Structure formats: structure tokens, C-alpha cells
Amino acid sequence: MKTILLLATLSLSTAAFAQTSPDKPDQPTKPYNVLFIAVDDLNDWIGCFGGNSQAITPNLDRLAKEQAMVMNKAYCASTVCCPSRSAILTGKRPSTTGIYGNTQDLKKAPKAKDVVTLPQYFAKNGYHTLSTGKIFHKHPTSEGMDEGQWAFQEFAEGGGRNKGMLWEESPSSALGEKSEEKADEKGQEKGEEKEVAKWGACKASVEETKDYVACQWAADQLKRDFDGKPFFMALGISKPHLPWFVPQQFFDLYPLETIKPVEIFRDDLDDIVDANGKRLFKSSIGSFDAIDKANMHRQAQRAYLANISYVDHCLGLLFDALKKSQHADNTVLMLWGDHGWHLGEKTKYGKTDLWEESDRMPFMVRVPGMTPADFQCDGVVNLLDMYPTLVELCGLPPNAENEGRSFVPLLKDPKRVWNHPTLTTYQFSNHSLTDGRYRYTWYGGKANGAEELYDHSTDPLEHKNLAANPESKEIMAKFKALLPAHNEPDSPTNKDDKKAMRKAGKKKGAE
């Protein structure tokens, strides 16, 4: 794996001390390090999150059991990779930056390009910052692929590969269609990249694959002392993003005949209508139609489970290394999926849109000496809140630009009431708010103010839209008052051709 050392031009100050001695609380010991782990397209199909009882995730479950707290009600700022990650890393909402889709590069967005990102802020305040894998959303440029290298003092280019396939399948091939892209085209919306549903077993050993190589790199960094500086290390895991290609051993964990597929409610979208009573959504979204026609729900869901178990295996290497390292007692860990993912719910496969399965994702937090292990916290938080929370935990000066709010008080007292409604946005002027019980959604861009309301105390899977009920008006009015007062127009679309760059060999570590 090739490591690039980037010259930091930011001014440095001494990192504040975040830990104190329990015997002498007024005397500092060591500042916190930060281990910041992003997992692409990860939903709650993890044992400790309970999203699917079939999931085999021993390392993540052990982390929750022994070290980290599960944030059971964590939500993303947007349900697409680029706007979600851009919000996390700038500390600003999509409605502020105008970054709503995957083709909008934050470095070209007028309201985001000059914002000091999370890793840059830590570098300014005395931390050594380093990264590998997908943290920022990747964008092609005339100089090559922009992976956010500029935001870190040290960046390791990805390694690992699949080395060909033992087997693969897809609904389009099962249906005899000539173009695999055809299966997913009708489910794509503005600002998304085309994703084709396909899965299979690669020929590479686990140790040769992309995410294992990335985790090995991160584990190796924990042997360093960073010249006495605290570190901010960001690790991006690529799976379970499509295509679902992992070694055979992870498919073997899930014999096809044992898979219990998600229950599908085929009329689930009928009660989501505009002011004229017209349905907002077609009966199938993303790859659902192709998977349904090919009768491959069981195969697709097995593949997603296999990919999650692969991710769990790779991360186990890193968790073990942290536990044995010199940094074990003073490293904050935050592990997050960038948004949720549907696997048949609401007749949908994929991300996007504004339902619970899209908006909610796994989030685990470990703060030595603060967070309890083996605890499910029901405080409502947003991934946007990570920026100010990490700043406060590490004793850095607050960044007044942050639009999230620190949840350090919740980490100190996980049983406290923490249910201020949190915002998720998908595309221009479409927003959803949840306070942990109700989810309210307003389609200002898609349908001129159409609404949804769900009561999770009686309907956690959001099957019954209560927006038309007269008794819902007061509840919805309270949520509506919290919608953004301003919705920034779409930032410029990146016109560079990512496919052409791949063909030219400029993209490293491709699937």
C-alpha cells in the first residue's frame, strides 16, 4: 500500500488534553486519539443492532459487549454517500451547502469549498491526521481521482483486489437481459451514481482483499507513537457497497435454504400521496423490480449478509490491534455507516429517500472512561453531530461553523432524555425529522409539500402514513416549524468522467 505524505499548510496549536487522572482530576494525563471508521452502505443488519437476527457479526458484537456503546437512534444528514459524508466532514447540512447528490464535489460547491473539514480542524489543533479508504466521496478531476487526500497530512492509497471471480450472479443475467445496467436504471434519481445489483465469490483470499488490506494498514499504524502527538486516523471500509463480491467463506456462513427473506408489503407506498391524491412513488424502487422478477430476494439478502460478515471479519483485526496497542486507553472510536440501505422494505433495494431504513444506520462510540459497554443508548443523534462532539471530547476550541450539536452530555449520561428532532435531507428541499417516536417527512422539492407521519411506538416499520388524519395536524405543525428556513440551490455538478478515468488506469484499487 502506497502512502502519500502531504505537506500541511495549516497552522498548528497544541492539542488540548482530554483525559485527566482519576486521582487528580485537575492534572492532565494524555489527550485522546481518534479512530474514525466509515462503513459504506451499512444498515442495521448487525447482531448488536438487531436489524436481522440472521446476521453473524462476532467482532462488532464483541466491541459493543466489551468496549463501545451502541447508539440505537442515530440518523444521517442525507441518504446518499456524497451529501452524507460532506455534511459529516464539513459540519454543515446539505440545505446549507447545496450538496444533495453524488455528482456534487464539495471542493466545487461555493458554500462548502472553503470550510475547514473535520480532519483539517484536528490538524490545526496539533493532531497528526492520516487516512486510507473512502472517507470523503470520490470525484474524478483532470489531475486524477480526488479521494480527499488534501484533508490529511498522511494518506495511504488503497490496495487489495478480488483477483477474478469464482462465480457471480445478478437478476439481470437470470432474466436474460443484455445489459446489467438496465435492471437498475429506472430506480435511479438525480444525483445518484448508477449501481447494478450483482454479487458473487471472488478468487482472492481474505488477506488479499481491499478492506482487509485497509484494516491491516490501520492496525499497523497503532504501533507508531506519532512523535508524541495525538492522532486522528480515518479508515474507510468499502463493503457492503455494491457489487457484493467477497470470498466464498462468507457466503458459506449463510446456506441459501436457511435465509429468511424480508417480508414485503406490496401496498406499502399506496398511502404516500400528493395534494391531488396521486402516489409519489412507483411500486418498486432501485433494483427491486429486477430482483423480484428473477425471484432472487433470498440470494440478494444472503449476499448482503455475507458482505457484512466480511466487514466484521476485517474490522476484527483492527479491534484486536487497538486492544493490544499502547493507545488502547486513550483512543476514542466512532464507527458509522454513512446511511441506511433497503433490502425489500417498501418494495425497494438501495439507499436514498427518507424512510427509517434509509435514514437510520449503525453508530458505535467508545470513549475510554466515559461510555458504558454493553449498553443501548436511545438518545437521538445525527452523524452531523460527530464533528462538534469529537472537538469537545478532545478539548479543542469549538468550531462556530458547526451546525450539529455535541452529544457529549449524552455520552456522560446515556440514560438522559435526548430527543430533539434531528434532520435528514434527500435532494433539494425534501426533509425528514424524527424525535425517536415520530417521523415527519415533507416533500418541498419532490411534491410541493406532500407529507408523511409515522408513529414508531405502534408502527416501527412505517407501514401506515398518518399525515391525512386530522389528529396528526398538531404533531406535524411542531415538526414543520423545525424545517430549514433556507434551502441552498444545487451546487455545480462534476462533469469529469469517472469511467473514463478508470479505463485510463488512474483509479487505484478498483473492484
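Just above, that's the structure.
Residues numbered from 1 in each chain as written. Predicted model: local features only at pLDDT ≥ 70, side-chain atom pairs only at ≥ 80, totals over all residues. Heavy atoms only, no water.

**Digging into the overall build of the protein chain**
Short version of the rule: The helix and strand labels rest on DSSP assignments: H or I over at least four residues marks a helix, E over at least two residues marks a strand, and numbering proceeds from the N terminus. Exposure classes here rest on a 1.4 Å probe applied to the protein chains alone. A residue is buried below 20% of its type maximum, exposed above 50%, and partly exposed in between. Whether two residues are in contact is decided by their heavy atoms, any of which lying within 4.5 Å being enough. Shrake-Rupley sampling with a 1.4 Å probe provides the accessible areas, and residues are treated as covered by the protein chains on show and by no other component.
Across its full length, the protein chain holds 15 helices and 21 strands. A total of 511 residues make up the protein chain; the buried ones form 61% of that total. Intrachain contacts of the protein chain at a sequence separation of at least 6 include 74% that bridge at least 24 residues. Of the roughly 20400 Å² of accessible surface on the protein chain, a fraction of 49% belongs to carbon and sulfur atoms.

**Points about the pairing of strand 18 (residues 422-425)**
Going by this rule: Note on pairing: DSSP must find at least two bridges between two strands before they are called paired.
Every second residue of strand 18 is oriented toward a common face, with Thr422 and Thr424 on one face and Leu423 and Thr425 on the other, all of them buried. Judged from the 4 bridges that link them, strand 18 and strand 19 (residues 430-434) form a sheet pairing that is antiparallel. The residue of strand 19 that forms the bridge with leucine 423 is leucine 433.

**With respect to the layout of surface pockets**
Put simply, the rule is: The definitions used throughout rest on a 1 Å grid laid over the protein atoms alone, on which a cavity is an enclosed set of points accommodating a 1.4 Å probe that cannot get out and a pocket is an open set flanked by protein within 12 Å on both sides along at least five of seven lines; lining residues are those having an atom within 4 Å of a point. Grid points are joined across faces, edges and corners, and a volume is the space filled by probe spheres set on the points. In this classification, Asp, Glu, Lys and Arg are treated as charged, Ala, Val, Leu, Ile, Met, Phe, Trp, Tyr, Cys and Pro as nonpolar, and every other residue, Gly included, as polar.
Volume-wise, the second largest pocket comes out at about 700 Å³. Around the second largest pocket sit 32 residues that line it, and Asp44, Gly51, Glu345, Glu357 and Leu461 are the ones nearest its centre. Those elements that provide at least two residues to the lining of the second largest pocket are strand 3 (69-75) and helix 11 (356-359). Among the elements that make up the lining of the second largest pocket, the one with the highest residue count is strand 3 (3 residues). Here the lining of the second largest pocket is built from residues that sort into 10 nonpolar, 11 polar and 11 charged.

**Remarks on the packing of helix 7 (residues 210-221) against helix 10 (residues 297-324)**
As a reminder, the rule being used: Axis lines are fitted through C-alpha atoms, for helices just across the contact stretch, and the angle between N-to-C directions can take any value from 0 to 180 degrees. Roughly parallel means an angle under 35 degrees; roughly antiparallel, over 145; roughly perpendicular, 65 to 115; everything else is oblique.
Running from amino to carboxyl end, helix 7 crosses helix 10 at an angle of 10°, the nearest separation of the two axes being 9 Å. By the angle class used here, helix 7 and helix 10 are roughly parallel. On helix 10, the residues that touch Lys210, Asp211, Tyr212, Cys215, Gln216, Ala218 and Ala219 of helix 7 are Tyr310, His313, Cys314, Leu315, Leu317, Leu318 and Ala321. Of the residues that constitute the contact of helix 7 with helix 10, the class distribution is 10 nonpolar, 2 polar and 2 charged.

**Remarks on the nonpolar core**
Proteins that are soluble and globular tend to have nonpolar side chains buried together. Stated formally: Only buried residues count toward a nonpolar core, which is a set of Ala, Val, Leu, Ile, Met, Phe, Trp, Tyr and Cys residues joined through side-chain atoms within 4.5 Å.
Membership of the largest hydrophobic core comes to 64 residues, with the highest contact counts inside it found for Ile37, Leu235, Trp244, Leu315, Leu335 and Met364. The element contributing the most residues to this core is helix 10, with 14 residues. Ignoring any residue separated from it by four or fewer positions in sequence, one finds leucine 315 in contact with Ile37, Leu60, Cys215, Leu235, Ile237 and Leu335. Counting 47 residues, the second-largest nonpolar core is a separate cluster that includes Met69, Trp336, Met361 and Tyr387.

**What to know about the sheet that holds strand 18**
Taken in spatial order, the 4 strands make up an open sheet running 18-19-20-21, and their pairing is antiparallel. Edge positions in the open sheet fall to strand 18 and strand 21 (450-455), since each of these has one partner strand only. Direction aside, the axes of adjacent strands within the sheet are offset by 15° on average. As judged from the 6 bridges shared by strand 20 (residues 438-443) and strand 21, these two strands associate in the antiparallel manner. Opposite tryptophan 442, over in strand 21, you have glutamate 451 as the bridge partner. On the sheet, helix 14 (residues 473-480) packs against strand 19, strand 20 and strand 21 and is oriented at approximately 70° with respect to strand 20.

**Describing the pairing of strand 2 (residues 33-39)**
Counting buried positions along strand 2 yields 7 of 7 residues, so the element is predominantly enclosed. Residues Asn33, Leu35, Ile37 and Val39 point to one face of strand 2 and Val34, Phe36 and Ala38 to the other, with burial holding for every one of them. As defined by bridge partners, strand 2 adjoins strand 13 (residues 331-337) across 7 bridges and the pair is classed as parallel. The residue of strand 13 that forms the bridge with isoleucine 37 is leucine 335. Examined bridge by bridge, strand 2 and strand 10 (residues 231-237) share 6 bridges and lie parallel to one another. Across the sheet, residue valine 34 finds its bridge partner in strand 10, namely phenylalanine 232.

**Some points on the sheet that holds strand 15 (residues 348-350)**
Across the sheet, 3 strands lie side by side as 12-15-14; this open sheet has mixed pairing. A single partner strand is all that each edge strand has here, and the edge strands are strand 12 (285-286) and strand 14 (342-343). Note: strand 12 against strand 15, 2 bridges, orientation parallel. Bridging from a neighbouring strand, isoleucine 285 pairs with lysine 348 of strand 15.

**Quick look at the pattern of salt bridges**
Under the convention used in this document: Each salt bridge in this description consists of a side-chain nitrogen of Lys or Arg and a carboxyl oxygen of Asp or Glu lying within 4 Å of one another.
Inspection of every chain in the model, using the stated rule, returns 24 salt bridges. Across the pair glutamate 488 and lysine 111 runs a salt bridge, and its minimum N-O distance is 3.2 Å. Here lysine 111 lies in the loop between helix 3 (94-97) and helix 4 (118-124) and glutamate 488 lies in the loop between helix 14 and helix 15 (498-503), a separation of 377 residues in the sequence. For lysine 111, a relative accessible area of 43% puts it in the partly exposed group. Here arginine 439 makes a salt bridge to aspartate 359, at a shortest N to O gap of 2.8 Å. With arginine 439 in strand 20 and aspartate 359 in helix 11, this residue pair connects regions lying 80 residues apart in the sequence. With a relative accessible area of 0%, aspartate 359 lands in the buried category. Here the salt bridges share partners, and the residues they tie into one network are Asp40, Arg85, Lys134 and Asp338.

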